[in-house]
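Observations on chain architecture
The lines below spell out each chain.
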Amino acid sequence: MGRLGSWIVSDTTLFLFVALVVAILVIGVAVALVIGSRGRALPPADTVDRRLDDLREHPEAEPTPTGDGLEPALPEPGEIDEADTDNVEPPAEGDLAVDDVTTAPEVEQPAPTAGRLVRLRERLSRSQSSLGKGLLALLGRDRLDEDTWEEIEDTLLAADVGVTPTQELVETLRTRIKVEGVVEPDRAKAILREELIAQIDPSYDRSIAATGAEGAPGVVLVVGVNGTGKTTTVGRLARVLVADGDTVLLGAADTFRAAAADQLQTWGERVGVPTVRGPEGGDPASIAFDAVKTGKEGGYDTVVVDTAGRLHTKAGLMDELGKVKRVIEKQAPVTEVLLVIDATTGQNGLTQARVFAEVVDVTGIVLTKLDGTAKGGIVIAVQRELGVPVKLVGLGEGADDLAPFDPEGFVDALLA
Ligand SMILES: Nc1nc2c(ncn2[C@@H]2O[C@H](COP(=O)(O)OP(=O)(O)OP(=O)(O)O)[C@@H](O)[C@H]2O)c(=O)[nH]1
């Protein structure tokens with residue numbers, strides 16, 4: 001009995017032990033399954049970042065088509081036939097590719113756009129020859145005689161305000177100062193401020209049309225002469241849009257300058273934005289088309305397209321930009337055409353502006369390098385010339401030195 005009893009006891013112990021192990025295993029598997037299914041149910045809000053991370057870790061892996069635009073489903077490089085773009089097959093391979101993300105650095109957090117114009121005030125206030133300082137000194141004189149008014153006119157002209165706006169401004173200032181019997185410099189300054197703001201026209205809508213309709217992305221086409229700061233502007237605009245919470249894709253359709261696509265890609269990578277690019281010297285329309293197609297299929301909010309701006313002949317430029325725009329619009333309407341002008345080029349900048357405005361329907365102006373000139377008057381002249389508003393201004397070479405333009409902030413900076 002004692003022996004039998006000890007067998008029974010040890011059998012029972014063994015049975016209990018086995019049962020315990022099985023139970024632990026079952027619970028373990030169940031917990032693992034629950035955790036696994038929760039992981040898969042994560043919302044896709046950070047899809048782009050996670051997929052970029054995946055690609056970084058497994059650059060050799062075949063991208064799985066997800067429709068988020070990251071896979072290089074791109075048309076044949078080279079010349080695009082506009083007639084064919086209605087039924088473009090997604091080719092399996094091509095030289096065009098969404099940027100190589102394997103070397104992407106840490107994603108930066110762009111600075112908020114509010115208050116950026118204040119930097120202009122700081123820069124202009126260091127310049128003794130600024131338009132504002134010149135005018136205030138003249139208006140502060142004891143006697144505003146004919147000679148003084150002529151000097152005021154010369155100051156405005158020298159600051160690139162343009163002939164017609166200068167005449168209007170002088171006329172209004174003279175009348176108001178006379179009629180209101182102004183003697184104190186502060187009142188003269190207040191009138192000057194009001195009239196400068198009126199010339200810049202606060203009624204313009206200066207927002208960037210970066211949102212599309214009916215499921216299509218907003219398409220921002222950036223045009224302008226080489227060296228004005230187009231690529232830099234596209235990069236900085238991407239940062240502004242990312243800061244606003246938009247998903248952005250870049251199109252490197254400036255295939256003329258070898259380094260432009262690399263430069264653009266680097267800008268994009270800094271804020272986790274992919275770039276669609278093509279072979280050097282390739283067809284810009286093909287790349288623009290592909291970028292917008294990828295942006296549309298991937299559900300991006302905005303596609304920003306950089307273009308080459310060589311002014312070989314007006315006809316050549318017209319052909320190229322016209323084609324880029326037409327081909328893009330087979331995918332989605334272009335919502336904004338931004339013309340980039342270098343503020344330091346004065347009259348030359350205006351001549352360029354005229355040519356571009358004849359070629360494409362410019363909807364907004366980006367005035368770069370405003371930090372490099374004390375002549376803020378170009379803002380007034382270029383708006384008058386084209387009848388479209390200055391929407392953004394470049395205030396330096398830094399990544400966040402692109403500011404939304406606002407007439408009051410600008411005039412206050414001029415008169416500081
Ligand atoms: N100081 C200053 N420099 C600027 C500003 N915007 C652009 N730049 C500089 O201008 C130079 C030309 O800029 P890019 O963006 O390469 O000009 P681009 O028009 O794209 O030139 P292409 O690619 O040749 O067509 C660069 O050195 C920029 O850093 C600005 O607002 N202020």
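Looking at an unreviewed UniProt entry, one finds the chain named Signal recognition particle receptor FtsY, with Mumia zhuanghuii as its source organism. Quoted straight from UniProt, the Function (unreviewed entry) entry for the chain says "Involved in targeting and insertion of nascent membrane proteins into the cytoplasmic membrane. Acts as a receptor for the complex formed by the signal recognition particle (SRP) and the ribosome-nascent chain (RNC)." Per UniProt, the chain carries the Subunit (unreviewed entry) text "Part of the signal recognition particle protein translocation system, which is composed of SRP and FtsY."

Description of the pairing of strand β8 (residues 390-394)
Within β8, five of the five residues are buried, which leaves it mostly tucked inside the rest of the structure. In this sheet, β8 lies alongside strand β7 (residues 364-368) in parallel orientation, the contact comprising three bridges. Along β8, the bridge assignment pairs leucine 367 with valine 393. Strand direction decides the pairing type here: β8 and strand β9 (residues 402-404), joined by three bridges, are antiparallel. Residue pairing in the sheet places leucine 392 in a bridge with proline 404 of β9.

Quick look at the site of the ligand
Lys230, Thr231, Thr232, Arg257 and Glu397 are the nearest of the 19 residues found near the ligand. Between the ligand and aspartate 254, the relevant distance is 3.1 Å, taken from an oxygen atom to a side-chain nitrogen or oxygen of the residue. Within the backbone of glycine 394, one N or O atom sits 3.4 Å away from an oxygen atom of the ligand. The protein chains hide 82% of the 660 Å² of surface that the ligand would expose on its own. The class makeup of the residues in the shell around the ligand is two nonpolar, ten polar and seven charged.

Section: the side chain of threonine 166
Mapped onto the elements of the fold, threonine 166 is located in helix α6 (residues 163-179). Residue classification places threonine 166 among the buried residues on the basis of a relative accessible area of 1%. In contact with threonine 166, not counting residues within four places along its chain, are Glu153, Leu156, Leu157 and Val161.

Cut-offs applied
Residues numbered from 1 in each chain as written. Predicted model: local features only at pLDDT ≥ 70, side-chain atom pairs only at ≥ 80, totals over all residues. Heavy atoms only, no water. UniProt positions renumbered as here; feature names shortened; annotations may be inferred. Buried < 20%, exposed > 50% of the residue type's maximum accessible area, 1.4 Å probe, protein only. Helix = DSSP H or I, 4+ residues; strand = E, 2+ residues; numbered from the N terminus. Pairing = 2+ DSSP bridges. Near = heavy atom within 4 Å. Polar contact = N/O pair within 3.5 Å; in protein donor to acceptor, adjacent residues only side chain to side chain. Areas by Shrake-Rupley, 256 points an atom, 1.4 Å probe, with all protein chains shown as cover. Nonpolar A, V, L, I, M, F, W, Y, C, P; charged D, E, K, R; others polar. Contact = heavy atoms within 4.5 Å.

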